[in-house]
Amino acid sequence: MKHGPQLREDGRVANSTADGVLVLAGTPIGDVGDAPPRLAAELAAADVVAAEDTRRLLRLASSLGVTIAGRLVSYFEGNESARTPELLTALTDGARVVLVTDAGMPSVSDPGYRLVAAAVEAGVRVTSVPGPSAVLTALAVSGLPVDRFCFEGFPPRRPGERSRAFAALADEPRTLVFFESRHRLADTLTAMAAAFGADRAAAVCRELTKTHEEVKRGPLSSLAEWAAEDGPLGEITLVVEGAPPRSATATAADAVELVVEREAAGVRRKEAIADVARELGLPKREVYAAVVAAKAADDVAD
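Quantities reported herein were computed from a predicted structural model and do not represent experimental measurements. (Residues numbered from 1 in each chain as written. Predicted model: local features only at pLDDT ≥ 70, side-chain atom pairs only at ≥ 80, totals over all residues. Heavy atoms only, no water.)

Peer 1: Explanation requested: the environment of Leu24 in the structure shown.
Peer 2: Within the secondary structure layout, Leu24 lies in strand E3 (residues 21-25). Given the relative accessible area of 11%, Leu24 is considered buried. Excluding residues within four positions of it along the chain, Leu24 makes contact with Leu99, Met105, Pro106, Val116, Val126, Thr127, Ser128 and Val129. (Helix = DSSP H or I, 4+ residues; strand = E, 2+ residues; numbered from the N terminus. Buried < 20%, exposed > 50% of the residue type's maximum accessible area, 1.4 Å probe, protein only. Contact = heavy atoms within 4.5 Å.)

Have a look at this one:
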């Protein structure tokens, strides 16, 4: 197997006999003009190009004026586990393997993690061609705090699992970023409003960098109504404001209120007590006792 050319510091391709290398290459999330300058050179120089959708990649290569001379293989969720060993063999044999997904960076809610982990385990060099990111783009235009954030990927599809996931994030102080399908957007926003509070600020970012780009900002309850009525189309990234800081003088009564809220959202009592105790800095046994006492008082009142 031939060794793929390396890219020099000045961006030009130079011949090399180095060991194999895995290149994670970012692709445009919308506008083809956002393609990283190095992407074309890497696609042309690769021994193997692994693509989430080979037809989509060929259209992108054509737009960039690139001819892919190396072997082109598909690498998507359905064959990721089976194809990883094959690509790892190519890497250990000295190939330059370029991995691309349909949009954005590989491994970020897209195929790639398994191959990266296998390459690292085998001692293969892993590098990247940084490119556009829907996560960072949505954060930047959301108007919400961006100094600290966490990316949660796609929420669970099942309503119960989704509600429990949101309940566990209800007190997360960092700005939250999610991907979501347009088909589940209204239900997801409604579930977020229930778990995070109807007035929690958020932004729905759709079709970023594309012709019909739209950023809809407002409280979660209003966004849920808008999504249910308008049924927005396209690829969607959600940005949600983090939880406001809680009082440093949290009491057992505060803990009981939070446990009740999380139970109502579908979290098991044992898990809710443990989570609330940790977040409020209270002893778990104290929170447990307060919850039991409150339950007993409610039973007497009934």
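Peer 1: Whenever I open this one, the domain arrangement of the protein chain confuses me. Can you help?
Peer 2: For interface size, the figure often reported is the accessible area lost on association. Annotation of the protein chain at the domain level lists domain 1 (21-132), domain 2 (135-240) and domain 3 (252-299). Each of domain 2 and domain 3 has a C-alpha centre, and the two are 27 Å apart. Each partner contributes residues to the interface: domain 2 has 5 residues there, and domain 3 has 6 residues. In total, domain 2 and domain 3 occlude about 480 Å² of area from one another, counting both sides; carbon and sulfur atoms represent 51% of this. If you sort the residues of domain 2 by the area they bury against domain 3, Arg164, Ala167 and Asp171 come out on top, with a joint share of 76%. Between the two partners, domain 2 and domain 3, sit 1 salt bridge. For the interface between domain 2 and domain 3, the tally reads 1 residue pair in polar contact (both at pLDDT 80 or more). (Domains from an automatic or database assignment. Buried area = accessible area lost by both parts, 1.4 Å probe. Salt bridge = Lys/Arg side-chain N within 4 Å of Asp/Glu carboxyl O. Polar contact = N/O pair within 3.5 Å; in protein donor to acceptor, adjacent residues only side chain to side chain.)

Peer 1: Please clarify how the pattern of salt bridges should be interpreted in this entry.
Peer 2: Pairing between side chains becomes possible if they bear opposite charge and their charged atoms approach one another. Counted under the stated rule, the structure contains 15 salt bridges. With a closest N to O distance of 2.9 Å, Arg96 and Glu42 form a salt bridge. Of this pair, Arg96 sits in strand E6 (residues 96-100) while Glu42 sits in helix H1 (residues 37-45), and the two are 54 residues apart along the sequence. By relative accessible area, which is 0% here, Glu42 ends up buried. One salt bridge in this structure joins Arg56 and Asp102, with 3.7 Å as the shortest N-O distance. Taken as a pair, Arg56 in helix H2 (residues 54-63) and Asp102 in the loop between E6 and helix H4 (113-121) lie far apart in primary sequence, 46 residues in all. The exposure class of Asp102 is partly exposed, given its relative accessible area of 24%. Residues participating in the shared-partner salt-bridge network are Arg38, Glu42 and Arg96.

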